[in-house]
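A look at the structure
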Amino acid sequence: MLESKMDNWTYKKALFRYGMPCVESRFKLGLINKEEYDKLCSFIGKEEEMPFELIKEHFKKPVEIIGDNKTGKDVDDYFMGLHNHEIICREGNYAHYPKEFCELCISKDGIVLEKLDDFYYKVGVGDKITKVSKKFSGDVKIGDKVRIHRGYVVRDLR
Amino acid sequence: MCLAIPGKVIEIKEDGSCIVDYETEKREAKIFTDDIKLGDYVIVSQKIIINKVPEEKARAFLNEIKNA
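Right, let's walk through the structure included here. (Residues numbered from 1 in each chain as written. Chains lettered and ligands numbered in written order. Predicted model: local features only at pLDDT ≥ 70, side-chain atom pairs only at ≥ 80, totals over all residues. Heavy atoms only, no water.)

Broken down by element type, chain A carries five helices and five strands. The C-alpha atoms of chain A give 15 Å as radius of gyration, which agrees with the globular expectation for 158 residues (15 Å, within 12%). Principal axes of the C-alpha set define a box for chain A whose edges measure 35 × 35 × 30 Å. Here chain A holds 158 residues, and the buried ones make up 52% of them. Contacts spanning at least 24 positions in sequence make up 50% of the contacts within chain A whose residues lie at least 6 apart. Just so you have it, chain A exposes about 7,600 Å², and 51% of that area is on carbon and sulfur atoms. Averaging the coordinates of the 29 positive side-chain charges in chain A and doing the same for the 28 negative ones gives two points 2 Å apart. (Helix = DSSP H or I, 4+ residues; strand = E, 2+ residues; numbered from the N terminus. Rg over C-alpha atoms; globule rule 2.2 N^0.38 Å. Buried < 20%, exposed > 50% of the residue type's maximum accessible area, 1.4 Å probe, protein only. Contact = heavy atoms within 4.5 Å. Areas by Shrake-Rupley, 256 points an atom, 1.4 Å probe, with all protein chains shown as cover. Lys, Arg positive; Asp, Glu negative; His and termini not counted. Charge placed at Lys NZ, Arg CZ, Asp CG, Glu CD.)

Here we come to the side chain of R147 of chain A. All names here are of chain A. As for its position among the elements, R147 is in strand β4 (residues 145-149). Accessibility expressed as a relative area gives 7% for R147, which makes it buried. Engagement of the side chain of R147 in a polar contact is seen with the side chain of D109, the distance being 2.4 Å. Setting aside residues up to four positions removed in sequence, R147 forms contacts with Y18, D76, M80, S107, K108, D109, Y152, V153, V154, R155 and L157. (Polar contact = N/O pair within 3.5 Å; in protein donor to acceptor, adjacent residues only side chain to side chain.)

Here we take up the nonpolar core. With 31 residues, the main nonpolar core has L3, C18, V20, V42, V44, I49 and F61 of chain B as its most contacted residues. Elements supplying a minimum of two residues to this core: β2 (17-21), β4 (41-45), β5 (48-53) and α1 (55-66) of chain B. If sequence neighbours within four positions are ignored, F61 of chain B has contacts with Y97 and F101 of chain A together with L3, A4, I5 and P6 of chain B. In terms of nonpolar packing, the next biggest core, distinct from the first, is built from 26 residues, F43, L54, V63 and I66 of chain A among them. (Core = buried A, V, L, I, M, F, W, Y, C linked by side-chain atoms within 4.5 Å.)

Next up on the list: the environment of E23 of chain B. Residues and elements named next belong to chain B. With respect to the helices and strands, the residue E23 is situated in the loop between β2 and β3 (26-30). As a C-alpha pair, E23 and G7 span 16 residues in sequence and 8.1 Å in three-dimensional space. A polar contact of 2.9 Å, which involves the side chain of E23, links it to the side chain of K66.

The next subject is unusual backbone geometry. Residue and element names in this part refer to chain A. Within the chain, N69 stands out as a residue other than glycine whose phi angle is a positive 50°. Along the polypeptide, N69 turns up in the loop between α4 (60-66) and α5 (72-88). For N69, a relative accessible area of 72% gives the class exposed. The backbone of R150 sits at a positive phi, close to 55°, despite the residue not being glycine. Counting through the fold element by element, R150 comes out in the loop between β4 and β5 (152-156). Residue R150 is classed as buried on the basis of its relative accessible area of 7%.

Written out as structure tokens, the structure reads:
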């Protein structure tokens, strides 16, 4: 389920939702194996059960920057703040990577426009329309305002 | 590190889709432009090719990120 109240938007859940698309990249690169990837995917919908050691191992950078035992809002603030800033301004880790490989990673807010099938939706972000997946989150409804990261729904912003 | 990973187009199908090879796995993606050919390096988001990347740039990036 998507979270419509910040009460349910926990630190672990937020790290998982923002971080899993990056885990997919590491899987594509062969930096983690299928067994590890499948293990992480087994926590979809039950992120709170994910051991903190696993969180620290796979979402290392945000945990180091945000710190331990913070809130979902702290994670939002990091991704919409420093993370986006570094990509847009080509700073920090993103200073020397070509923009083609970075721009997809900017977290953005949009409106759900259309359901394409059981997994994909069209979301309007500014003057663009993008296809997004709800793989790591839950159902969304047409008209919902959502946060997206790397083509995945992170959360509902109602 | 949050980055988009380029893959290599290894098969183009008649229905306008293609197979993209990431070395560790192969995934299907839809082509919406007419400039994609076999061997091209592309960035895919949600089964859609959103960007074509010069081979040299893609290879350099992949080498760098794998050794980071």
